[in-house]
Amino acid sequence: MLPNLSTNDASSSATQSAQGLGRLVNELSVEFISILDLDELIETVARRVGEVIDCQFFGLFLVDEAGGGLIWKKAVGYSPEEAPAGKVIPFDRSVASAAWREGHTINVGDVSRDSRYLPVATEEWSHPRSEIAVPLRLERENRIVGVMTMESLEPNYFTRDHERALSALGNHLAVALEHARVYDELRRRTREMRTLIEIGHEIASILDLDRLLNHIAALLDRIIDYEFLLVGLIDEAREEFVWHIEEGYGATKREHASRTKVSHGVVGRAVRERRTQIVGDVSRDPDYYVSDKWEGQGQRSEIAVPLIYEDKVIGVLALESSRVNAFDEYHGRLLENIANNLSIAVANARLYAEHVERERQLEREILMARDVQRAMIPEAPPQMKGFEIAARLEPALNLSGDFYDYIPLSSDRTGDRVGILIGDVAGKGVRAAMGMAAARSILRSVARRGGGPARVLRDANLRLHRDLGRQLLLTLVYAVLDSKTKTLNYCNAGHNPPLLVKASGKWRALKTGGLLLGVFDKQQYKSETLRLEKGDAILFYTDGLTDAHTPQPHRVEFGEERILDFLLEHRHLRASAIIEAFLNQIEEFTAGAHQHDDLTLVVIKAL
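Below is a short write-up of the structure.

### Regarding the overall build of the protein
The helix and strand tally for the protein stands at 12 helices and 23 strands. C-alpha extents for the protein along the principal axes are approximately 145 × 55 × 40 Å. Here the protein holds 607 residues, and 50% of them are scored as buried. Across the protein, every contact between residues at least 6 apart in sequence was considered, and the portion connecting residues at least 24 apart equals 63%. Here the protein displays about 30,500 Å² of accessible surface, and carbon together with sulfur accounts for 49% of that area. On the protein, the mean spot of the 75 positive side-chain charges and the mean spot of the 90 negative ones are 11 Å from each other.

Structure follows, in structure tokens:
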């Protein structure tokens, strides 16, 4: 409440405040221009002006021509509900608006007699009697950027001295406000650009399409104010938008995405014209389309940005607001930046989904091939009088380039002659597995025609070279075991030499043969016949056994010397027990190191 002052006292007080303000103008002009934070500047203006002018009410407005009025930035003495920050006063109402329109300070001695006066509820329900409104003009640009108002409970409170001092202060304040506004805009845009970079990184890191699209709303909330979000991708076959995201107006996520024709709406125009569409008032746009579900939600403005990837429109991103002219070209540029990143991310997510599906299909095919390949591996060794045979194949991957096989050779079905082979196709995975299947088929076909191991490998090599060229390289040992004669006739085509360990402990490597199969078409091979005695053991193996190694960084391979020592130590065991002992030893030796190669063992033990 103001103190009870006589008319002379009030006049004297006003004159003193005007003189004090005049002295303060030069000080404030320097102080204001040094403050670059807009909110801080406005708070400082209200506080410093209040120090020299004994008025009860203060207001500061910024001009918003696009919004059609003055925006409250600071209110002192008024009810917060009546004068909240951000509220817009139309240009055709209030003394402040008149000062903006007319371009000069307006001093109203009695507001009750001025039709331009806009009553605003005060904190203590008191009633202002006089008001002064000062336009904040940028002289160089002849542009008004805001209006400063003061009101007093006393009629005719503001004098000509107030007008002159406040007008001068207003010019300085206009410059300071513009500097602060530019700085604030620069700072805001810097934050937004930083946010856009972060958004770009976030979008690029998401390869799941549904997760990517569901993440867009949270990203846009960080930089743009809107009520409704639409993200649609184009179904070219049906010429429709598939609306993956419809958020806002109380929308709930649906199990199935809705669809509309690509030709409909502002979004359709964005696709046709391949450029951003900004609609300030959708009620005046003939292309605006809204489905029955969203009718009457208060939509007033819309912005739609096409999603373009490699010069092809793949979808659209759209925002709606319940405010007129909610979006401008600056929002358009922000959304275009996001849309560019989103378009690439959508394309990447689709490619990734296709890649995943191809990988799944390949995995299914590999598993089928694995089952077929495993069916080629003998389920059980042949039963031969005087011998025990055992074998094991441990593939490094689902598919293997290693193989072993037993081929019955006795014409009289006595089972006393069996062809035994072990091979290793160069490479791994699908290619090696296909080579294994081809080699096995050829070797079985050639072996069943008869002949010794040297002839079988010569003919098989000719077939492999003729049919596959040098697409397949194969090391192989082929042996014929005869239970009647207790002999083993073998031929080694470039494979790891099998080890023969006698019951006495003597040993030798079986190297007789020739080059690996598939290199030369007219390669010749030699064979050797061994007589086996009770207790003798022969180990056939692939290089997966020699190459097994300890973990990094101190990689040590199992090697041939350890193989021989281990076989000598365990030669007294049965064939199957020798294999189990080898596999246990390899597992202990490698201590979990990754197995890079297939491992195959075949053991023949003379009983």
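From this point, things continue past the structure.
### Examining the sheet that holds strand 12 (residues 312-321)
Pairing is antiparallel across the open sheet formed by 6 strands, whose spatial order is 9-8-7-12-11-10. Looking at which strands have only one partner, the edges of the open sheet turn out to be strand 9 (258-261) and strand 10 (277-279). Direction aside, the axes of adjacent strands within the sheet are offset by 25 degrees on average. In this sheet, strand 12 lies alongside strand 11 (residues 301-309) in antiparallel orientation, the contact comprising 9 bridges. By the bridge assignment for strand 12, Pro306 is matched with Val316. Along the sheet, helix 5 (residues 209-220) makes contact with strand 7 (228-235), strand 8 (240-248) and strand 12, crossing strand 7 at roughly 150 degrees.

### Thoughts on the nonpolar core
If you look at the biggest cluster of nonpolar residues, it comprises 50 residues, and the most contacted ones within it are Phe403, Leu474 and Tyr478. Formed by 35 residues, the second largest nonpolar core is a distinct cluster that contains Ile216, Ala217, Ile314 and Ala339.

### Concerning unusual backbone geometry
Unusually for a residue other than glycine, Arg274 sits at a positive phi of about 60 degrees. Along the chain, Arg274 turns up in the loop between helix 6 (265-273) and strand 10. On the basis of relative accessibility, which here comes to 36%, the residue Arg274 falls in the partly exposed class. Within the chain, Glu310 stands out as a residue other than glycine whose phi angle is a positive 50 degrees. Within the secondary structure layout, Glu310 lies in the loop between strand 11 and strand 12. You can call Glu310 exposed: its relative accessible area is 65%.

### Topic: the packing of helix 2 (residues 38-52) against helix 4 (residues 160-204)
With their axes 9 Å apart at the nearest point, helix 2 and helix 4 run at an angle of 160 degrees to one another. The orientation of helix 2 relative to helix 4 falls into the category roughly antiparallel. Of the residues in helix 4, those in contact with Leu38, Leu41, Ile42, Val45 and Val49 of helix 2 are Leu169, Leu173, Ala176, Leu177, Ala180, Arg181 and Asp184. Residue composition of the contact of helix 2 with helix 4, by class: 10 nonpolar, no polar and 2 charged.

### A closer look at the pairing of strand 16 (residues 474-482)
Most of strand 16 sits out of view: 9 of its 9 residues are buried. Where burial is concerned, the two faces of strand 16 agree: the one with Leu474, Leu476, Tyr478, Val480 and Asp482 and the one with Thr475, Val477, Ala479 and Leu481 are both buried. Here strand 16 runs beside strand 17 (residues 487-493); their pairing, made up of 7 bridges, is antiparallel. What sits directly across from Val480, in strand 17, is Asn489. In textbook terms, the turn of a hairpin is the stretch between consecutive antiparallel strands, and for strand 16 and strand 17 this stretch comprises 4 residues, one of which, Lys486, has a positive phi near 55 degrees.

### Some remarks on the pattern of salt bridges
Where charged atoms from two side chains of opposite charge approach closely, those side chains can pair. Counted under the stated rule, the structure contains 38 salt bridges. In this structure, the salt-bridge partner of Glu178 is Arg143, at a minimum N-O distance of 3.3 Å. In this pair, Glu178 is assigned in helix 4 and Arg143 in strand 6 (residues 143-152), connecting sequence segments 35 residues apart. Arg143 gets classed as partly exposed once you look at its relative accessible area, which sits at 30%. The closest approach of N and O atoms between Asp405 and Arg440, which form a salt bridge, is 3.4 Å.

### A short note on the pairing of strand 6
Within strand 6, 9 of the 10 residues are buried, leaving the element largely enclosed by the surrounding structure. Note: strand 1 (residues 57-64) against strand 6, 6 bridges, orientation antiparallel. Bridging from a neighbouring strand, Phe58 pairs with Met150 of strand 6. Where strand 5 (residues 130-138) lies against strand 6, 9 bridges are found, and the strand directions are antiparallel. Directly across from Ile132, in strand 6, lies its bridge partner Met150. Between strand 5 and strand 6, which pair antiparallel in sequence order, lie 4 residues; one of them, Asn142, sits at a positive phi of approximately 50 degrees.

### Digging into helix 12 (residues 575-590)
Across its 16 residues, helix 12 extends 23 Å between first and last C-alpha, which sits within 8% of the 22 Å expected from 1.5 Å per residue. Residues of helix 12 that are buried: Ala575, Ile578, Ile579, Ala581, Phe582, Leu583, Ile586, Phe589 and Thr590. On its buried face, helix 12 sits against strand 13 (387-394), strand 22 (537-541), helix 10 (543-546), helix 11 (559-569) and strand 23 (599-606). Backbone geometry just after helix 12 places Ala591 at a positive phi near 50 degrees.

### Some details on the environment of Arg93
Assignment of secondary structure puts Arg93 in the loop between strand 3 (88-90) and helix 3 (95-102). Sequence separation between Arg93 and Leu118 is 25 residues; the distance between their C-alpha atoms is 6.7 Å.

### With respect to the packing of helix 4 against helix 5
Relative to each other, helix 4 and helix 5 sit at 165 degrees, their axes nearing to 10 Å. Put simply, helix 4 runs roughly antiparallel to helix 5. The way helix 4 lies across helix 5 gives a crossing that is right-handed. Contacts from Ile199, Glu202 and Ile203 in helix 4 reach Leu212, His215, Ile216 and Leu219 in helix 5. Within the contact of helix 4 with helix 5, the residues separate by chemical class into 5 nonpolar, 1 polar and 1 charged.

### Points about the sheet that holds strand 1
Note on sheets: strands pair through backbone hydrogen bonds, and any given pair is parallel or antiparallel. As summarised here, the arrangement of the 6 strands in space is 3-2-1-6-5-4, forming an open sheet in which the pairing is antiparallel. For this open sheet the edge positions go to strand 3 and strand 4 (106-108), each flanked by a neighbour on one side alone. In this sheet, adjacent strand axes meet at a mean angle of 25 degrees when their direction is disregarded. As paired strands, strand 1 and strand 2 (residues 69-76) are joined by 7 bridges and run antiparallel to one another. Residue pairing in the sheet places Gly59 in a bridge with Ala75 of strand 2. Contacts from helix 2 reach strand 1, strand 2 and strand 6 within the one sheet, and its direction differs from that of strand 1 by about 145 degrees.

Rules used throughout
Residues numbered from 1 in each chain as written. Predicted model: local features only at pLDDT ≥ 70, side-chain atom pairs only at ≥ 80, totals over all residues. Heavy atoms only, no water. Helix = DSSP H or I, 4+ residues; strand = E, 2+ residues; numbered from the N terminus. Buried < 20%, exposed > 50% of the residue type's maximum accessible area, 1.4 Å probe, protein only. Contact = heavy atoms within 4.5 Å. Areas by Shrake-Rupley, 256 points an atom, 1.4 Å probe, with all protein chains shown as cover. Lys, Arg positive; Asp, Glu negative; His and termini not counted. Charge placed at Lys NZ, Arg CZ, Asp CG, Glu CD. Pairing = 2+ DSSP bridges. Axes fitted to C-alpha atoms, helices over the stretch in contact; angles between N-to-C directions. Core = buried A, V, L, I, M, F, W, Y, C linked by side-chain atoms within 4.5 Å. Parallel < 35°, antiparallel > 145°, perpendicular 65-115°, else oblique. Nonpolar A, V, L, I, M, F, W, Y, C, P; charged D, E, K, R; others polar. Salt bridge = Lys/Arg side-chain N within 4 Å of Asp/Glu carboxyl O. Expected span 1.5 Å × (residues − 1). Left-handed = near helix turned anticlockwise from the far one by under 90°.

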